[in-house]
Amino acid sequence: MKPYLTAAFILVISHNLFAQNTSSLSDAKWLLGKWGNQTQRGKMVEEWSLVNDSTYGGRSYMITATDSIPLESIVLKKEGDDLFYIPTVKGQNNDQPVKFKLTSSSANQLVFENPAHDFPQKISYMLETEGSLMAEISGTVNGQQRARKFPMKKL
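A short tour of the structure in this document, coming up. Just so we're clear, the structure is a prediction, and the values are computed from it rather than from any experiment.

Some details on the packing of aromatic side chains
Each aromatic ring pair is specified by the distance between its two centres and by the angle formed by the two planes.
Next, step 1: Counted by the stated rule, this structure contains four aromatic pairs.
Next, step 2: Aromatic pair W48 and Y85: ring centres 6.2 Å apart, planes at 50 degrees, arrangement tilted. Of this pair, W48 sits in strand 2 (residues 43-52) while Y85 sits in strand 5 (residues 82-89); the two residues are 37 residues apart in sequence, bridging distant segments of the chain.
Next, step 3: Judged by relative accessible area, W48 falls into the buried class, the value being 4%.
Next, step 4: Residue class for Y85 comes out buried when judged on its relative accessible area of 3%.
Next, step 5: Every member of this aromatic cluster is reached through a ring pair, and the members are W48, Y85, F112 and Y125.

This is how it looks when you write it as structure tokens:
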């Protein structure tokens, strides 16, 4: 292989690796909209909307027979080259937001991590089909690996 072809090949590969680590907010546009799932406790709903060119806003809540109960508010925000998932859950973390940095992404998956957080340390979303997604929280609690999945359908 000629030296200039080798250099060009390395440049293309390096660019592709860098691009995977610097995801844009538009890579998550499939998350926008209203998602839900019927559970034993009621209907869980998660809504995502465009706030501006660097931020999506989200919220999740439970609808029971008699009430609508807020679960969390979420910000998906581009800061420099990084994308952060920032949930605020009432009654957890002194009602303060917690940042999870995007660690990997593809056309249908987003994975955010914060190894210093108690639980979860990882939050992921996977678009399974055009009308369904799987959210998952996972991590370690008292030395034991834990995970909880939240299947959702587009509403």
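There is more to say after this.
Section: the sheet that holds strand 2
Next, step 1: Read around the closed barrel, the 10 strands follow the order 1-2-3-4-5-6-7-8-9-10; overall the barrel is antiparallel. Here the average twist between neighbouring strands, direction ignored, is 25 degrees.
Next, step 2: Judged from the five bridges that link them, strand 6 (residues 100-106) and strand 7 (residues 109-113) form a sheet pairing that is antiparallel. Paired with S104 across the two strands is V111, which belongs to strand 7.

About the cut-offs
- Residues numbered from 1 in each chain as written.
- Predicted model: local features only at pLDDT ≥ 70, side-chain atom pairs only at ≥ 80, totals over all residues.
- Heavy atoms only, no water.
- Phe/Tyr/Trp six-rings, centres within 6.5 Å; stacked < 30°, edge-to-face > 60°.
- Helix = DSSP H or I, 4+ residues; strand = E, 2+ residues; numbered from the N terminus.
- Buried < 20%, exposed > 50% of the residue type's maximum accessible area, 1.4 Å probe, protein only.
- Pairing = 2+ DSSP bridges.
- Axes fitted to C-alpha atoms, helices over the stretch in contact; angles between N-to-C directions.

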